[in-house]
Number of protein chains: 2
Amino acid sequence: MSEQRIRGVLSPVVTPFKSDLSPDPERFVRHCRWLLSQNVGLAAFGTNSEANSLSAEERMELLDRLVAAGLDPARMMPGTGCCALTDTVRLTAHAMKAGCAGVLMLPPFYYKGVSDDGLFRSFAEVIERVGDRRLRVYLYHIPPVAQVPITVPLIERLLKAYPDNVAGIKDSGGDWANTQAVLDAFAATGFDVFPGSETFLLAGMRAGAVGCISATANVNPGAIARLHATWRSPDADLQQKCLDEIRSIMQSYVMIPALKAAIAHWGRDPAWATVRPPLTVLTDAQASDLVAKLEAKSFDMPGLRT
Amino acid sequence: MSEQRIRGVLSPVVTPFKSDLSPDPERFVRHCRWLLSQNVGLAAFGTNSEANSLSAEERMELLDRLVAAGLDPARMMPGTGCCALTDTVRLTAHAMKAGCAGVLMLPPFYYKGVSDDGLFRSFAEVIERVGDRRLRVYLYHIPPVAQVPITVPLIERLLKAYPDNVAGIKDSGGDWANTQAVLDAFAATGFDVFPGSETFLLAGMRAGAVGCISATANVNPGAIARLHATWRSPDADLQQKCLDEIRSIMQSYVMIPALKAAIAHWGRDPAWATVRPPLTVLTDAQASDLVAKLEAKSFDMPGLRT
């Protein structure tokens, strides 16, 4: 793993698929390269990447392709948390071997109502089995989807047991009070907190967060990264307002197909719209509507077409 | 796949682990053999099997071990539904090649609030990719855990598109009204309905179900299979009451560690208690308490010790 901590704005990179629904490594590398050019890091294999619709092998192959294409693993925080302990260990060890800055780790999410003891044991087993103090784990709190939360007491216990490995959290709960509580409890000790949306980017930076990891950074990376870079400037609140407008349009559709529809439109590449089941593409009417609403805000994706 | 349909009582076989948390094929084969001796079929790799805590490779290896040990695949309905389309296809094709009677298929369960269109497409892709009319898919409805339901309109659409392949359902919703609605809509056409617990075995048989698939069949297989075989007899209601008493005791603990604690005790084999995270074993006090309550009901697991 890289010596330098990964911070700033990251994108759960959307995963392109070919017409046979196999992952499309060429479009994937191209999109990742564009995100990096916009100063956005690569939280590949997140929720908005349809990562849980990919096998472990498919994820590893895609990560290998990024590295082989010369993209900097110090700018990568791939998702590696699966339901199965053995899959999580395998993906985490693979990401580490690839030199990634860290890994974003979902809790095992099939069983509901599991105890903090059980979750502690899950993360602990992965860390122990990978067995390398350079490993940096970013905990992934996304109760609306995973339904299995990562609580403050659990973070505290993990930090105490593995201070070298437990590096931060992505908080995608959508509840600022929780993000604030995590910041208050741990940010001062060097635990890196990433709100899970740019909606909380400015509030987060003011309260000690280190950036954000946001789906919308797939389509609006430059503007989000600019707010991160200039959050102390006088126009920061105005920047936040503009980001919120774009986010709000995207959120009025199912997020993943909406992200892909926008990339398909501004990239003039209709194949990008493809999603794996159980997701479905936007209807033509929805896609046109989305584009019209974004155009009304002078939205653009500069440099996306190559 | 076998020509004969699999019916009656099946058990989501609990998966034994060694002390290093790797699956223990020898104890697994032994337990499966015992279940078959009690007239209970093998719905291996279900929720209570900790199947989602196993990698695809671990599941396939365990299934291969059952077949290699000479257990009859016509009595097997392994779980093959994963979050990732490619994993589900791989496991389903593997089960089919092994000659299993059918497969029990969870919907992809990471994304919540997905449409019936998306779920239809998920099952359709698997059926199309496996591409064999002998494939029998049993849909797995377990909204308390998967959080993604299989609705009556979805079943209808799947049956219409794939009448040869869509063979039945396991309904683990715990809501008799739903089971009744599914029975009313489809049982007469030869769609096999298995309530997900013996709690509904007698009511189910009276309404056209073909058996049940129940966690508790791991520990109380003989008595549950007897009710299935004799549900028209005068003592059927009494039998159901006795089953309910045992079920009720098991349900007052976390089910999977409780099943394993009972097997560890009556099999005199403490290693059986091991679970994979995020689950945790019962405390010693809980395990003693469970055993005492079961003993008070003259509970036994005849023939478990070999």
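Residues numbered from 1 in each chain as written. Chains lettered and ligands numbered in written order. Predicted model: local features only at pLDDT ≥ 70, side-chain atom pairs only at ≥ 80, totals over all residues. Heavy atoms only, no water.

Chemist: Lay out the nonpolar core with the relevant residues and their values.
Modeler: Counting residues in each nonpolar core, the largest one holds 224 residues, and the members touching the most others are A:Leu139, A:Phe191, B:Leu139 and B:Phe191. If we ignore the near neighbours within four places in the chain, the residues touching B:Leu139 are B:Leu104, B:Met105, B:Phe123, B:Ile150, B:Ile155, B:Leu158, B:Val166, B:Gly168, B:Ile169, B:Lys170 and B:Phe191. (Core = buried A, V, L, I, M, F, W, Y, C linked by side-chain atoms within 4.5 Å. Buried < 20%, exposed > 50% of the residue type's maximum accessible area, 1.4 Å probe, protein only. Contact = heavy atoms within 4.5 Å.)

Chemist: Residue-level account of the pattern of salt bridges, with values.
Modeler: Under the defined criterion, the tally for this structure stands at 39 salt bridges over all chains. Note that A:Lys260 is salt-bridged to A:Glu50, the shortest N-O span being 2.6 Å. Of this pair, A:Lys260 sits in helix α11 (residues 255-266) while A:Glu50 sits in the loop between β2 (41-42) and α2 (56-68), and the two are 210 residues apart along the sequence. The same class applies to A:Lys260 as to A:Glu50, namely buried. Linking A:Asp164 and A:Arg133 is a salt bridge whose minimum nitrogen-to-oxygen distance equals 3.4 Å. Note that A:Asp164 is positioned in the loop between α6 (152-161) and β5 (166-171) and A:Arg133 in the loop between α4 (116-130) and β4 (137-141), a separation of 31 residues in sequence. Owing to a relative accessible area of 39%, A:Asp164 belongs among the partly exposed residues under this scheme. Given the relative accessible area of 62%, A:Arg133 is considered exposed. Members of the salt-bridge network, linked through shared partners, are A:Glu57, A:Arg90, B:Glu57 and B:Arg90. (Salt bridge = Lys/Arg side-chain N within 4 Å of Asp/Glu carboxyl O. Helix = DSSP H or I, 4+ residues; strand = E, 2+ residues; numbered from the N terminus.)

Chemist: Let's hear about the sheet that holds strand β6 (residues 192-195) of chain A: which residues, and what values?
Modeler: Residue and element names in this part refer to chain A. Taken together, the four strands give an open sheet; going across it, the order is β3-β4-β5-β6, and neighbouring strands pair in parallel fashion. Each end of this open sheet is capped by a strand with a single partner; those strands are β3 (103-105) and β6. Going from strand to strand, the sheet's axes swing by 25 degrees on average, the running direction of each strand aside. Where β5 and β6 come together, four bridges link them in parallel fashion. Each residue of the ladder has a partner; that of glycine 168, found in β6, is aspartate 192. (Pairing = 2+ DSSP bridges. Axes fitted to C-alpha atoms, helices over the stretch in contact; angles between N-to-C directions.)

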